[in-house]
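Listed below are the residues making up each chain.
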Number of protein chains: 2
Amino acid sequence: MSSSTSFVDLLIVGAGPAGLTAACWAAQYQMSTRIIDQKGSRTETGHADGIQSRTLEILESFGIVDPILNQGIHDVDMAHWATEPGTGNIERHKRYEADSGQSSRFGQIMLNQGAVEQVLVDYLRNKNVYVERHKEAKTLHLLPVDGEDKEEFPVIVRARSVEKCGVEDTIHARYLIACDGAHSWVRNQLDVQTDEISEASTWGVLDIVPITDFPDIRQACSIHSHLHGSIMTVPRENRLVRFYIHLRDECKEEALKHYNPSPRDMVEKADRIMKPYTLTYNHCDWWSIYPIGRRLVRHYRPHDRVFLAGDAAHTHSPKGGQGMNVSIQDAYNLIWKLGAVITNGAQPTILETYETERRPVAKQLMTLDSRLVRAYEDEENDNSSGIYEVREQYAGFMAGIDITYPHSTLVTQGEEDGATNFAKNLRLGMRLPSFLVVYQCDGVPIHLAKRLVSDGPWRLLVFSGDLRQPERMNALAHFAETFSRCSHLMNLQGIQVPKGRCPILELLLIQSSPRSAVNLLDLPELFHPFDHLTGWDYWKAFADDRDQAYKGYGIDKNGPGCLVLCRPDQHVAWIGSMENTSELDSYFSSIFGRSS
Amino acid sequence: MSSSTSFVDLLIVGAGPAGLTAACWAAQYQMSTRIIDQKGSRTETGHADGIQSRTLEILESFGIVDPILNQGIHDVDMAHWATEPGTGNIERHKRYEADSGQSSRFGQIMLNQGAVEQVLVDYLRNKNVYVERHKEAKTLHLLPVDGEDKEEFPVIVRARSVEKCGVEDTIHARYLIACDGAHSWVRNQLDVQTDEISEASTWGVLDIVPITDFPDIRQACSIHSHLHGSIMTVPRENRLVRFYIHLRDECKEEALKHYNPSPRDMVEKADRIMKPYTLTYNHCDWWSIYPIGRRLVRHYRPHDRVFLAGDAAHTHSPKGGQGMNVSIQDAYNLIWKLGAVITNGAQPTILETYETERRPVAKQLMTLDSRLVRAYEDEENDNSSGIYEVREQYAGFMAGIDITYPHSTLVTQGEEDGATNFAKNLRLGMRLPSFLVVYQCDGVPIHLAKRLVSDGPWRLLVFSGDLRQPERMNALAHFAETFSRCSHLMNLQGIQVPKGRCPILELLLIQSSPRSAVNLLDLPELFHPFDHLTGWDYWKAFADDRDQAYKGYGIDKNGPGCLVLCRPDQHVAWIGSMENTSELDSYFSSIFGRSS
Ligand SMILES: Cc1cc2nc3c(=O)[nH]c(=O)nc-3n(C[C@H](O)[C@H](O)[C@H](O)COP(=O)(O)OP(=O)(O)OC[C@H]3O[C@@H](n4cnc5c(N)ncnc54)[C@H](O)[C@@H]3O)c2cc1C
Ligand SMILES: Cc1cc2nc3c(=O)[nH]c(=O)nc-3n(C[C@H](O)[C@H](O)[C@H](O)COP(=O)(O)OP(=O)(O)OC[C@H]3O[C@@H](n4cnc5c(N)ncnc54)[C@H](O)[C@@H]3O)c2cc1C
């Protein structure tokens, strides 16, 4: 039996959407990471297929959203169908147009989970990170993390190669992230308590290439037949349509073990529901049967060095199309904090915010999910608008863009409920919405989000107001001076880590006078730092020539401006006046201490 | 000395932009193709860096425009600077905003030629086509193509591996495309006559990371100093800026051999021109010196089986940023015709249109080029608007979207000058502009161009008018019936070539009533053909719900509609009434004969 031993900063168990996202984010930091999965390949078919706005924004922040947008189905219209009492035939009761993306640049995309995993795997390959497949975590030991016997690598996982039996790998890690799915092995090892609720209903799900004369088959439909039950359809890539079929009549929870409908049985049921239309198929891509249930762990960080993310932490019905999205967003929330702690000397206390930020999201998801399931049941009692009411009410949450993190070491406290007076449309803890501005240097339009990419730094957006007014120009000069005198902030901003790593803090200026009224090089050098090899940096200053940003954020174009600090995950950390560099300084001191 | 012999349908000599485009297009057809290049790798730095709208459309039609859009610089503002007589310092005389893309969805992109070659190489790799590098064509023999000794593979090229000397390859080909650049070896072998004009001026060109306080360095500028001459700057990816520097004072044509300015000399000259600003650099990516000259071959098809494309056929100054674009467009024009002849039995006479369509473009390019060069010289005599006048006048030509092919076997003749009454804004021979429509099946918005991809078929767009009016629905049914009765057309449309190849003709419907007023499956089956494995095809019918297409093409929404036939390269081949299937039939008969 061959074996090997290694030491890593971060071990990721599980290479589903959560684990892969964790690995992508970790690749931005100077830390050693391994990611293992017991399976031999990524998800090939089925599973999640709804990709929400915020997930698309995150993928964009890694520069990998294009293949998803190109492969997926966007913005389909929706319809609700139900039986006419007279005929027993279904008829279209309502049409809904897709509303594209509200306050995100992206709407929802339908595409199979495997395609999302693939873009993450491709991204990792370009960073020379490879998923170690066919490798199953088998034992977990945790050593003390404080006191005299304190260990630097307190997590010990033994993993065994599934195929080449005999090869054993002992991995000593500083931190472990359990992204090992609904039946989480790590969660079981640590006996993490969960709250469980299950409903007495069972659904079937299939991805087929349907052959049907149902006219709305390429739209997202809910279809209800008095006699035969309910289905939901979701159009997908490559002629596929996802069918969710309520199997309640055939199999209550208990009976499930005995009742095993085949895909053909389920399609026959759907065919009855869709009368007078007919449904058959030749190709079934994937199918599954699941009882509806919800489970949420009590602790996201069951041990000082162990985190649960994704389905390992929470599961629920697929109704809202949330599972993969929330899983990706868990990992996206956690890793930059670990990166800051492991590679930039941040206080480990910031890791506490993982649970305080992400568990409430999962809790709200549980509420949404039970309301949705109830609405679908109501639907069967003929209240067809219920589903859409719930969907409307939770639209921003489901899109992932309304999620606002509470006050913590990483999000300062606003007046009330995160509000501030400086930027009336922003709330502390929300992810910064993006608006089109133009580069000061060349007039090229750019979405601010494109400058807030996932490469590590916090970003301080300086809204200077109208620089044609001398007092605004003076205020900007004064800000730059104060900032530059604060050696702590300058350190964060100036850290030139080897191998092209980013500094911890980056400054960006968005000014409100017309671009042509201002010369970039007349601005304080902070906004066009000079490098003797490459000259000035021209890409840190923007003008609001499209009249979107100041209006969008609720900042007065002619007012005194303000400072908005975004975390590496684009959530708003702090908002203050241009004079308030000392508050900014304290924010970073509480995270990095004074020594960094 | 080892050697090998092989037989191919198509041999491409040269893997620059023209050769690579040819190979990409050829990969759509069931024909064997080889592409060889004497160089060991693609262009790494320098050369072309302006990618025009039409080129971007073509790249999009292969599904590979995204990486170009993501890497390149878009829509920069422009400025003209000139010396003030008083001070001798340059000052900004004019600003011009980038006008985004006129009648194309794409504006101009600045990016190095190597990046374009890379996306083409990547595309080929996915199709399992590899450029044979380090392989130089050494001898060319042509055998008779008619008469008794008629050869199937009349082109014989001996190529030799540049590195592993000794390996010799004898390639027998049906057709040869010479994409071997400005010093074309094939052109020389065949002694093709060229018209040459050279001007007595010489320019230097460099790609540097500039260190300068010139405020418009990230814009596209023309800068003229009375005392020191002219430069043009073009901002590029990765902090680079391209400088074109007129060296006229230092070196007239004849003197060039003796005068060899280094990049540093040229930057010093630019620095003098840009006074009071300063210019230096640390990194020079690429540089070159060239005399301005123009050369155009008399024949694009010097032999029945040999075609010249790209720089092999035409060269000129880089002023208009045209070379790479016109080269790509040459190859794009030629290959689908060869594909039709080699794999679909089209009449070889259609190959004559390559020269009749592409040579006039190159001729017009020569005129544009000489006018531009003259304008730059005028500029030096203080007529600063000359350049912009020429650029404005030729904007559509330079963007590549105004190019209209003349009447031929492949483009039918319109009333006068290609105009027709059915679609007032279309002209025969132009590339079809694209508008946003929605899919009939799901309401998803799509640009028509996205359905006119480069995969082979001609496309017949059926503009049926408003299908709520019974006579329009009848006319559509009548069209479908007539079309279906014409076995020749049905054959073209129905050809199910193995390995997922496309038919020769695809029908698409664009109807003008609101989408929700029409049920796709109520339309003639031609527009939702049934396949027993995959069911109906839902992606051939569109509604003009965004109110763009009918208006854009100049078709009356409430009128009798019309038929618009696009060639595989999206150029309009024929326009007729819904009743005129017989004209359509003759069009294809003249190309494919009756037997196909
Ligand atoms: C029918 C269905 C429909 C769904 N629809 C949607 C939807 O529309 N939208 C949506 O967002 N979500 C949906 N989901 C949920 C979505 O699939 C999951 O939420 C998502 O996959 C969770 O990602 P994850 O990375 O947390 O876990 P997983 O994707 O489950 O990945 C866990 C990984 O850990 C590995 N692993 C487990 N134990 C070990 C071990 N001991 N050692 C090594 N590796 C291990 C597994 O092999 C697996 O690859 C759906 C799910 C189902 C089943
Ligand atoms: C300074 C400069 C600036 C330019 N700026 C622009 C611009 O802004 N925009 C623009 O559109 N164009 C520009 N161009 C022009 C552009 O680079 C060319 O038009 C383009 O490369 C032509 O493409 P091609 O495929 O026809 O030929 P090439 O790119 O020259 O490729 C020919 C290939 O054939 C190979 N070859 C030659 N002989 C043989 C043989 N016997 N056997 C095997 N292989 C052989 C060569 O190795 C070469 O790879 C510029 C050119 C220069 C020099």
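The rules behind each value
Residues numbered from 1 in each chain as written. Chains lettered and ligands numbered in written order. Predicted model: local features only at pLDDT ≥ 70, side-chain atom pairs only at ≥ 80, totals over all residues. Heavy atoms only, no water. Near = heavy atom within 4 Å. Polar contact = N/O pair within 3.5 Å; in protein donor to acceptor, adjacent residues only side chain to side chain. Areas by Shrake-Rupley, 256 points an atom, 1.4 Å probe, with all protein chains shown as cover. Helix = DSSP H or I, 4+ residues; strand = E, 2+ residues; numbered from the N terminus. Nonpolar A, V, L, I, M, F, W, Y, C, P; charged D, E, K, R; others polar. Axes fitted to C-alpha atoms, helices over the stretch in contact; angles between N-to-C directions. Parallel < 35°, antiparallel > 145°, perpendicular 65-115°, else oblique. Left-handed = near helix turned anticlockwise from the far one by under 90°. Contact = heavy atoms within 4.5 Å. Buried < 20%, exposed > 50% of the residue type's maximum accessible area, 1.4 Å probe, protein only. Arc of directions from axis to C-beta. Domains from an automatic or database assignment. Buried area = accessible area lost by both parts, 1.4 Å probe. Salt bridge = Lys/Arg side-chain N within 4 Å of Asp/Glu carboxyl O. Pairing = 2+ DSSP bridges. Least-squares fit on C-alpha atoms with pLDDT ≥ 70 in both. Core = buried A, V, L, I, M, F, W, Y, C linked by side-chain atoms within 4.5 Å. Phe/Tyr/Trp six-rings, centres within 6.5 Å; stacked < 30°, edge-to-face > 60°. Lys NZ or Arg CZ within 6 Å of the ring centre and 35° of its normal.

Quick rundown of the site of ligand 2? Include the residues and the values.
Residues and elements named next belong to chain B. Around ligand 2 lies a shell of 34 residues, among which Ala18, Asp37, Gln113, Asp311 and Met324 are the nearest. Contacts to ligand 2 include Gly50, whose backbone N or O atom sits 3.4 Å from an oxygen atom. For ligand 2, a nitrogen atom lies 3.3 Å from a polar atom in the backbone of Gly321. Here ligand 2 has 1000 Å² of accessible area as a free molecule, and 87% of this is covered by the chains. Those elements that place two or more of their residues in the shell around ligand 2 are helix H1 (17–26), strand S8 (135–142), strand S14 (241–246) and helix H7 (323–344). Per element, the largest residue contribution to the shell around ligand 2 is four residues, and it comes from H7. Broken down by class, the residue content of the shell around ligand 2 amounts to 13 nonpolar, 13 polar and eight charged.

Outline the packing of helix H2 (residues 53–61) of chain B against H7(B), listing residues and values.
All names here are of chain B. Running from N to C, H2 and H7 point in directions that differ by 45°, and their axes come no closer than 9 Å. Classified by the interaxial angle, the pair formed by H2 and H7 is oblique. As H2 runs across H7, the sense of the crossing is left-handed. Two secondary-structure elements touch here, H2 through Arg54, Thr55, Ile58 and Ser61 and H7 through Asn325, Ile328, Gln329 and Tyr332.

How would you sum up the site of ligand 1? Please name residues and give values.
Residues and elements named next belong to chain A. Close to ligand 1 lie 34 residues; Ala18, Asp37, Gln113, Asp311 and Met324 are nearest. One nitrogen or oxygen atom from the main chain of Pro17 is found 3.2 Å from an oxygen atom belonging to ligand 1. If ligand 1 stood free it would expose 1000 Å²; the protein chains cover 87% of that surface. Secondary-structure elements contributing two or more residues to the shell around ligand 1 are helix H1 (17–26), strand S8 (135–142), strand S14 (241–246) and helix H7 (323–344). In terms of residue count, H7 provides more of the shell around ligand 1 than any other element does, four residues in total. Looking at side-chain class alone, the shell around ligand 1 contains 13 nonpolar, 13 polar and eight charged residues.

Which residues make up helix H6 (residues 263–273) of chain A, and what are the values?
Buried within H6(A) are the following residues: A:Pro263, A:Met266, A:Val267, A:Lys269, A:Ala270 and A:Ile273. Seen from one end, H6(A) has its buried residues packed into an arc of 155°, which puts them on one side.

Give a description of the domain arrangement of chain A that names residues and reports values.
Residues and elements named next belong to chain A. Under the domain assignment used here, chain A contains domain 1 (3–70 + 111–194 + 294–377 + 384–399) and domain 2 (436–592). Computed from C-alpha coordinates alone, the two centres of domain 1 and domain 2 are separated by 32 Å. Contacts between domain 1 and domain 2 engage 20 residues on the former and 20 residues on the latter. Broken down residue by residue, the surface that domain 1 buries against domain 2 is led by Gln30, Trp336 and Asn344, which jointly contribute 33%. The interface formed by domain 1 and domain 2 holds two salt bridges in total. The shortest N-O distance in the salt bridge between Glu60 and Lys450 comes to 3.6 Å.

Just give me the short version of the pairing of strand S5 (residues 78–83) of chain A, but keep the residues and values in it.
Residue and element names in this part refer to chain A. Burial of S5 is extensive: five of the six residues sit out of reach of the surface. When S5 meets strand S6 (residues 90–96), the two strands line up antiparallel, connected through six bridges. Paired with His80 across the two strands is Lys94, which belongs to S6. Hairpin connection from S5 to S6: six residues lie between these consecutive antiparallel strands, with Gly88 at a positive phi of about 75°. Examined bridge by bridge, S5 and strand S12 (residues 220–225) share five bridges and lie parallel to one another. Bridge pairing in S12 places Ala79 opposite Cys221.

An account of the relation of the copies chain B and chain A is requested, with residue identities and associated values reported.
The transform that puts chain B on chain A rotates by 180° and translates by 0.0 Å along the axis, for an RMSD of 0.0 Å. Overall, the copies show the geometry of a two-fold rotation axis. Nearest to the rotation axis, the C-alpha of B:Asp66 is located 3.6 Å from it, this being the minimum over chain B. In this assembly the copies share their binding face: 100% of the residues contributing to the interface of chain B also contribute to that of chain A.

Help me get a handle on the pattern of salt bridges, residues and values and all.
Inspection of every chain in the model, using the stated rule, returns 80 salt bridges over all chains. For A:Glu196, the salt bridge identified is with A:Arg295, shortest N-O distance 3.7 Å. Note that A:Glu196 is positioned in strand S11 (residues 194–212) and A:Arg295 in strand S15 (residues 279–297), a separation of 99 residues in sequence. Residue classification places A:Glu196 among the exposed residues on the basis of a relative accessible area of 56%. Exposure remark for A:Arg295: the relative accessible area of 19% places this residue in the buried category. The closest approach of N and O atoms between B:Asp569 and B:Arg567, which form a salt bridge, is 2.8 Å. Assigned by exposure class, B:Asp569 and B:Arg567 land together as buried. Each member of the salt-bridge network shares a partner with another, and the members are A:Arg239, B:Arg451, B:Asp455, B:Arg459, B:Glu506, B:Asp537 and B:Lys540.

Would you mind going over the nonpolar core in detail, with residue names and values included?
In terms of nonpolar packing, the biggest core is built from 384 residues, with A:Trp458, A:Leu460, B:Phe243, B:Trp458 and B:Leu460 touching the most fellow members. Among all residues touching B:Leu460, those that are not within four sequence positions of it are B:Phe479, B:Phe483, B:Leu505, B:Glu506, B:Leu507, B:Leu508, B:Leu563, B:Val564, B:Leu565, B:Trp574 and B:Leu584.

So what's going on with the packing of aromatic side chains? Which residues, and what values?
Residues and elements named next belong to chain A. Taken as a whole and assessed by the stated rule, the structure comprises 52 aromatic pairs over all chains. Ring plane angle 90° and centroid distance 5.7 Å describe the contact between Tyr538 and Trp539, whose orientation is recorded as edge-to-face. The class for Tyr538 is buried, based on a relative accessible area of 5%. Counting every residue linked through ring pairs, the aromatic cluster contains Trp25, Tyr29, Phe62, Tyr123 and Tyr332. One Lys or Arg, Arg264, reaches over the ring of Tyr281 and ends 4.3 Å from the middle of that ring.

Explain the sheet that holds strand S4 (residues 73–74) of chain A to me, using residue names and the numbers behind them.
Residue and element names in this part refer to chain A. Sheet architecture is open: three strands sit in the order S3-S7-S4, paired in antiparallel fashion. Both edges of this open sheet fall to strand S3 (50–51) and S4, since each of them pairs with a single strand only. Where S4 meets strand S7 (residues 109–110), two bridges bridge the pair, whose relative direction is antiparallel. Paired with His74 across the two strands is Ile109, which belongs to S7.

Any details on the interface of chain B and chain A? Residues and values, ideally.
Tallying the contact residues gives 36 residues for chain B and 36 residues for chain A. When the two sides are added together, the surface that chain B and chain A hide from each other amounts to roughly 3200 Å², 51% of it contributed by carbon and sulfur. Here chain B and chain A share four salt bridges between them. Ionic pairing is found between B:Arg239 and A:Asp537, a salt bridge with its closest N-O pair at 3.9 Å. At the boundary of chain B with chain A, the tally comes to 20 residue pairs in polar contact (both at pLDDT 80 or more). Elements with a minimum of two residues in the side of chain B that touches chain A: helix H3 (66–71), strand S11 (194–212) and strand S23 (535–536) of chain B. Looking at which element gives the most residues to the side of chain B that touches chain A, the answer is S11(B), with four residues. For the side of chain B that touches chain A, the per-class residue count stands at 15 nonpolar, eleven polar and ten charged.

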